[in-house]
Amino acid sequence: MAKKSLIQREKKRQKLEQKYHLIRRSSKKEISKVPSLSEKWEIHGKLQSPPRNSAPTRLHRRCFSTGRPRTNYRDFGLSGHILREMVHACLLPGATRSSW
């Protein structure tokens, strides 16, 4: 189980990212439309003004049940070892264990 503080920090980053998403997207569109370099620098300054934690690259996908940030499978929203335990317990329909 991940620390509660880390999970809360991640939730805070998600809220910030959603809050500043439209601002980032609109300023990126403006940069592509503007031909002059000086205007691009001004728009780039606006793009840097939101908080760093609002950047989408700072977000981590976490396991739904444990909050673990590593080996997270997008299809299930679970970390690798929890996914494996659930497959072995036949809790995920259609998922089969590998055997060779």
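Residues numbered from 1 in each chain as written. Predicted model: local features only at pLDDT ≥ 70, side-chain atom pairs only at ≥ 80, totals over all residues. Heavy atoms only, no water.

So, on to the packing of helix α1 (residues 4–33) against helix α2 (residues 37–48). Orientation of α1 relative to α2, taken along the N-to-C sense of each, is 165°, at an axis distance of 9 Å. Classified by the angle between their axes, α1 and α2 sit roughly antiparallel to one another. The way α1 lies across α2 gives a crossing that is left-handed. For the pair α1 and α2, contact is made by Arg-24, Ser-27, Lys-28, Glu-30 and Ile-31 and by Lys-40, Ile-43, His-44 and Leu-47, respectively. Partitioning the contact of α1 with α2 into residue classes produces three nonpolar, two polar and four charged. (Axes fitted to C-alpha atoms, helices over the stretch in contact; angles between N-to-C directions. Helix = DSSP H or I, 4+ residues; strand = E, 2+ residues; numbered from the N terminus. Parallel < 35°, antiparallel > 145°, perpendicular 65-115°, else oblique. Left-handed = near helix turned anticlockwise from the far one by under 90°. Contact = heavy atoms within 4.5 Å. Nonpolar A, V, L, I, M, F, W, Y, C, P; charged D, E, K, R; others polar.)

Turning our attention to the environment of Ala-2. Counting through the fold element by element, Ala-2 comes out in the segment before α1. The exposure class of Ala-2 is buried, given its relative accessible area of 16%. Sequence separation between Ala-2 and Arg-68 is 66 residues, and the spatial gap between their C-alpha atoms is 5.7 Å. Look past the residues within four positions of Ala-2 in its chain and what remains in contact with it is Ile-7, Arg-62, Thr-66 and Gly-67. (Buried < 20%, exposed > 50% of the residue type's maximum accessible area, 1.4 Å probe, protein only.)

If you walk through the whole model with that rule in mind, you get one salt bridge. In this structure, Glu-10 engages Arg-13 in a salt bridge whose closest nitrogen and oxygen atoms are separated by 3.8 Å. Pair noted here: Glu-10 and Arg-13 are both in helix α1, with a separation of three residues, about one helical turn. For Glu-10, a relative accessible area of 4% puts it in the buried group. (Salt bridge = Lys/Arg side-chain N within 4 Å of Asp/Glu carboxyl O.)

With that settled, the discussion passes to the environment of Phe-76. By the element assignment, Phe-76 lies in the loop between β1 (72–73) and β2 (78–79). Looking at Phe-76, the relative accessible area reads 41%, which means it is partly exposed. For the pair Phe-76 and Leu-92, spaced 16 residues apart in the sequence, the C-alpha separation amounts to 9.3 Å.

Okay, the environment of Ala-55 next. By the secondary structure assignment, Ala-55 is in the loop between α2 and β1. Residue Ala-55 is classed as buried on the basis of its relative accessible area of 15%. When sequence neighbours within four positions are dropped, the list of residues in contact with Ala-55 reads Glu-17 and Arg-24.

Here we come to the layout of surface pockets. Roughly 190 Å³ of internal volume is contained in the largest pocket. Surrounding the largest pocket, twelve residues form its lining, Gly-80, Leu-83, Arg-84, Val-87 and Thr-96 being those nearest its centre. The dominant element in the lining of the largest pocket, judged by the number of residues it contributes, is helix α3 (residues 80–88), at five residues. Residues belonging to the lining of the largest pocket are distributed by class as follows: six nonpolar, four polar and two charged. (1 Å grid on protein atoms, 1.4 Å probe; cavity = no way out; pocket = protein on both sides within 12 Å on 5 of 7 lines; lining within 4 Å. Points joined across faces, edges and corners; volume = space filled by probe spheres on them.)

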